Amino acid sequence: MPTGHVNPVYSYRRSSDQDANAPVHHAVVVVGAGPAGLTAAIELSMRGHAVVLLDDNDTVSVGSRAICFSKRTLEIWDRCGCAEPMLERGVQWRIGKVFFDEDLVYEFNLQPELGHRMPAFINLQQYYVEEILVARAEHLGVDLRWRHKVIGLEQGADVVQLRLATPDGEYTFTAGYVIAADGASSEVRGLMGLTSDGQVFNDQFLIADIVMHAPFPTERWFWFDPPFHRNQSVLLHRQADNVFRVDFQLGVDADANDAQRVERIAPRIRAMLGADVQWTLDWTSVYTFRCRMMNRFTHGRVLFVGDAAHQVSPFGARGANGGVQGVSNLTWKLSRVLHGLSPETLLESYDAERIPAARENVLHSTRATDFITPKSRISRVFRDSALRLARRYPFARALINSGRLSTPYAYTDSPLNTPDATQFEGGPSPGNVCPDAPVRCAGRNSWLLNVLGPGFTLLAVRGAVEDGTRRIDDLTVLEIGTDIEDTQGLVAARYGMDVASAYLIRPDQHVCARWRAPQAVQIRTAMRCACGLGAGAAHD
Amino acid sequence: MIETPNLDDADAFYAALIDAHRDFSDAQSEAMNARLILLLANHIGRSDVLFEALDAARNSVLEEHR
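This one's a predicted model, so the numbers in the text were calculated from it and none came from an experiment. (Residues numbered from 1 in each chain as written. Chains lettered and ligands numbered in written order. Predicted model: local features only at pLDDT ≥ 70, side-chain atom pairs only at ≥ 80, totals over all residues.)

Summing up its helical and strand segments, chain B has 3 helices and 0 strands in all. Reading the secondary structure of chain B in the N-to-C direction produces α-α-α. Computed over the C-alpha atoms, the radius of gyration of chain B is 14 Å, more than 25% above the 11 Å expected from 2.2 N^0.38 for a compact globule of 66 residues. The principal-axis extents of the C-alpha atoms in chain B amount to approximately 35 × 35 × 20 Å. Looking at chain B residue by residue over its 66 residues, the buried ones come to 2%. (Helix = DSSP H or I, 4+ residues; strand = E, 2+ residues; numbered from the N terminus. Rg over C-alpha atoms; globule rule 2.2 N^0.38 Å. Buried ≥ 20, exposed ≤ 12 C-beta atoms within 10 Å, placed from the backbone.)

This is how it looks when you write it as C-alpha cells:
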C-alpha cells in the first residue's frame, strides 16, 4: 500500500530576463527552495519585497527527510500564513520511550504547557511542508524559477552577478542581495571558494519509511542495542498518513546498497514490531552526516542560511528548525536594509546572533551523536552503565542522550539588546523569544504572537506607557486592558508583569528591551539600537 | 544518596567525562576511573552515602549478569 503521495512537478517557465538585452537587476534573490529558502522568500515578500527564488530541481523534497518541526518554527510559519495546513496534516506526539537491550528503560511525556497556540512539535514529512510553503510563496507572487542552477557568481561593490543554467540555456542577472539557501552541499558556497567546517561522522544510517496498516501508538521509540539490531540504535517515529520513520544505525562498514534491500529490512522490522503487525515499505535512504558550519554567514551581499550555513546530525531535530529560525532572524533586518531604514551593518548582527545559535545546535547534535554511536570502548561502557542505571535511578536518565530537542536560541549577548536597568522577577530577558498566551483583541479571541505587529511592538501593562509612545513610527503598542485583554492572566504570568512593566519586541518576536514605566525617548533609543542605528540622539 | 538529577549541566559533564579518556588505552582508562572515584569519594566524604553508592553500583552490575 503506497502512501498515495506523489511529488508535484513545478514546471520550468522561461522568464523575460532570458530575452533581455542587458542583465536584469533584482533587489533580492534566494537560491534554494527548501524549508529555509522558501521561508526567506515568503517573509521578504510579506515585507513588501519582490523576490526571485531559484531552485535547480522542479519538485519538493524526494522522500520524507526532515520530519519533526518545533513550536518556534510553527510560530514563524504561522506568521507566514502557513501553519494551519501543517497542523491539520501533521501528527502531534508527546510520549517518548527509551529501550536498552530487551527492556524499556524509561518513558517521558512532553506534557505541553496549556495556553500556547502551537504544540511542542509536529511530525510532518518535508515534502508536505515544502508543498505548503510553495503554495504560499506562489500566492504571494514570489517569482519562483524552477530548474535554474547557479553556475557562476561574481560579487561587485553594489551588485552580485549570477549566471544561471536552465533547460533553455544560460543567462545572467544581477542581484542586490543573494540569500544562499542551497543546502548542505551549497553551490553558492563552492563558487565563492568558502567552506563549512566541522566533524564528519562515519556511521551510516538507514531510513525506512513504512506504512502501518493498523493503529499503532503515536510515540517516539528509541532503542539502544536491541536484540533485533545488535550493537546499533533504532528510532521509530510517526509521520502523517500512517507513515512511520524507522531509522537504523548501520555502523561504519555496512554495505549501503545491501542494507536497503527489502529482504534485509523486512526481518528487522518484523522483529522490532512483532510478526502480526502489517506494514509496507514506502521509501528508503542511507545517509551519513556531518556537524559543521561556516565561520561566518554574511559575505558582503551574499547571506548564507540553513544547511548551506550550518549542518547538524538529525538527533534533536535541529536542522530545518535551526534553519527556519535563522531565516526569521535575517529577513526583518534585510528588509530594513532594502527599504533604506537601516545601514547594511545591521546584517552583521545576523552573524552575531546566529553563529552562537548554530554553535549550540552543532554542540547538542554532536553530543547526541557521540552518545548514540560511542567512539571508544570506555565511552560504550559509560553509555551502557547510564542506560543500566536509568531504570532504577532517575538521575541517570538525564545522562541518556538520544537527541536534545530543538529549542529557540536566546540572543542574550546580542549588540541589539538594551540591558535591563532594574531587577525583573521572571519574564523573558532581552534576547529571549516571546512566550505565547491567549488574548482577546478587537472583540475576538486570539493569541499574543498573532497580534504582535509586523515591526516592533511595545507590550505593556495599562498606564505604563507615555502618551508620546503611540506616535513612534513602526511601533505597535499593545497595552493590556486597552488594546488587548489578558483573558487568562497568562500574559501577566509569563512576562512577570508588575504595575508598570513594558517589553519592547523585535519584528522576529524576540525581546530586545524591557522597563518599568519607560519614557518614549527610552523606547526610541532601544529601537534605534535594535535597528543598528546606534545609540545616537532619538528622532521621529 | 541523591537519586534524582543533581548535575547542573549533565550533558556538559558527560561530554567532558568521555573527552577526559581520549586517546587512552583500556589500562589507562581503568586507572583514570579508579583515581576519579577516589577523588570524588573524598570530596563526598560521608560514609553512609558512599556505602549506599557502592551497593547501588554493585547490585546494578550483578543484576545485569544474572
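Here we come to the interface of chain A and chain B. Facing the 16 residues of chain A at the interface are 17 residues of chain B. Counting only elements with at least two residues in the side of chain A that touches chain B, the list comes to α9 (348-372), α10 (377-390) and α11 (394-397) of chain A. No other element matches α10(A), which puts 6 residues into the side of chain A that touches chain B. Here the side of chain A that touches chain B is composed, by residue class, of 8 nonpolar, 3 polar and 5 charged. (Contact = placed C-beta atoms within 7 Å. Nonpolar A, V, L, I, M, F, W, Y, C, P; charged D, E, K, R; others polar.)

Note that soluble globular proteins tend to have their nonpolar side chains buried in a common cluster. All names here are of chain A. With 77 residues, the main nonpolar core has Val 178, Ile 179, Ala 180, Leu 303 and Val 305 as its most contacted residues. Broken down by element, this core gets its largest block of residues, 7 residues, from helix α4 (residues 126-139). Dropping the residues within four chain positions of it, Ala 180 is found in contact with Val 31, Ser 186, Val 188, Arg 189, Val 302, Leu 303, Phe 304, Val 305 and Ala 308. If you look at the next biggest cluster of nonpolar residues, it comprises 34 residues, including Cys 434, Phe 456, Val 461 and Val 511. (Core = buried A, V, L, I, M, F, W, Y, C linked by C-beta atoms within 7 Å.)

This part covers the environment of Lys97(A). All names here are of chain A. With respect to the element layout, Lys 97 can be found in strand β4 (residues 95-100). Residue classification places Lys 97 among the partly exposed positions, given that 16 C-beta atoms sit within 10 Å. A C-alpha to C-alpha distance of 9.9 Å links Lys 97 and Leu 236, two positions 139 residues apart in sequence. Apart from the residues within four sequence positions on either side, Lys 97 is in contact with Leu 104, Glu 107, Glu 219 and Trp 221.

This next bit is on the packing of helix α1 (residues 35-46) of chain A against α4(A). Packed helices, taken two at a time, are described by the angle their axes make and the gap between the axes. All names here are of chain A. Packing of α1 against α4 brings their axes to within 10 Å, and their N-to-C directions diverge by 20°. Regarding the angle of α1 to α4, the classification is roughly parallel. Note on packing geometry: the crossing formed by α1 with α4 is left-handed. Together, Pro 35, Leu 38, Thr 39, Ala 41 and Ile 42 of α1 and Gln 126, Val 129, Glu 130, Leu 133, Val 134, Arg 136 and Ala 137 of α4 make up the contact between the two elements. (Axes fitted to C-alpha atoms, helices over the stretch in contact; angles between N-to-C directions. Parallel < 35°, antiparallel > 145°, perpendicular 65-115°, else oblique. Left-handed = near helix turned anticlockwise from the far one by under 90°.)

Consider a sheet: its strands pair through backbone hydrogen bonds, and that pairing is either parallel or antiparallel. All names here are of chain A. Taken in spatial order, the 3 strands make up an open sheet running β11-β17-β20, and their pairing is antiparallel. The strands lining the two open edges of the sheet, one partner per strand, are β11 (197-200) and β20 (310-311). Relative to strand β17 (residues 290-293), β11 runs antiparallel, the two sharing 4 bridges. Each bridged residue has a counterpart across the sheet, and for Val 200 the counterpart in β17 is Arg 290. (Pairing = 2+ DSSP bridges.)

All names here are of chain A. Read from one edge to the other, the open sheet built from 7 strands follows the order β5-β4-β13-β14-β15-β12-β16, with strand pairing classed as mixed. Edge strands, defined here as strands with exactly one partner in the open sheet, are β5 (103-109) and β16 (279-287). Averaged over all neighbouring strand pairs, the angle between strand axes comes to 15°, with direction disregarded. As defined by bridge partners, β4 adjoins strand β13 (residues 219-224) across 6 bridges and the pair is classed as parallel. Following the sheet pairing, Lys 97 is matched in β13 by Trp 221.

Now for helix α8 (residues 319-338) of chain A. Residues and elements named next belong to chain A. Its 20 residues give α8 an end-to-end C-alpha distance of 28 Å, which sits within 8% of 28 Å, the value for a rise of 1.5 Å per residue. When you tally the buried positions in α8, you get 19 out of 20 residues, the bulk of the element. Positive phi appears at Gly 340, one or two residues downstream of α8, with a value of about 75°. (Expected span 1.5 Å × (residues − 1).)

Once that is clear, we can look at the environment of Arg72(A). Residues and elements named next belong to chain A. In this structure, Arg 72 sits in helix α2 (residues 71-79). Among the residues examined, Arg 72 registers 19 C-beta atoms within 10 Å and is labelled partly exposed. For the pair Arg 72 and Pro 435, spaced 363 residues apart in sequence, the C-alpha to C-alpha distance is 9.8 Å. When residues no more than four places from it in sequence are discounted, the contact partners of Arg 72 are Gln 325, Pro 408 and Val 433.

Okay, the environment of Gln311(A) next. Residues and elements named next belong to chain A. With respect to the element layout, Gln 311 can be found in strand β20. Classification of Gln 311 by C-beta neighbours within 10 Å gives buried; the count is 26. Gln 311 sits 17 residues away from Met 294 along the chain, and the two C-alpha atoms are 9.2 Å apart. Excluding its chain neighbours within four sequence positions, the residues that come into contact with Gln 311 are Ala 184, Ser 196, Arg 290, Cys 291 and Arg 292.

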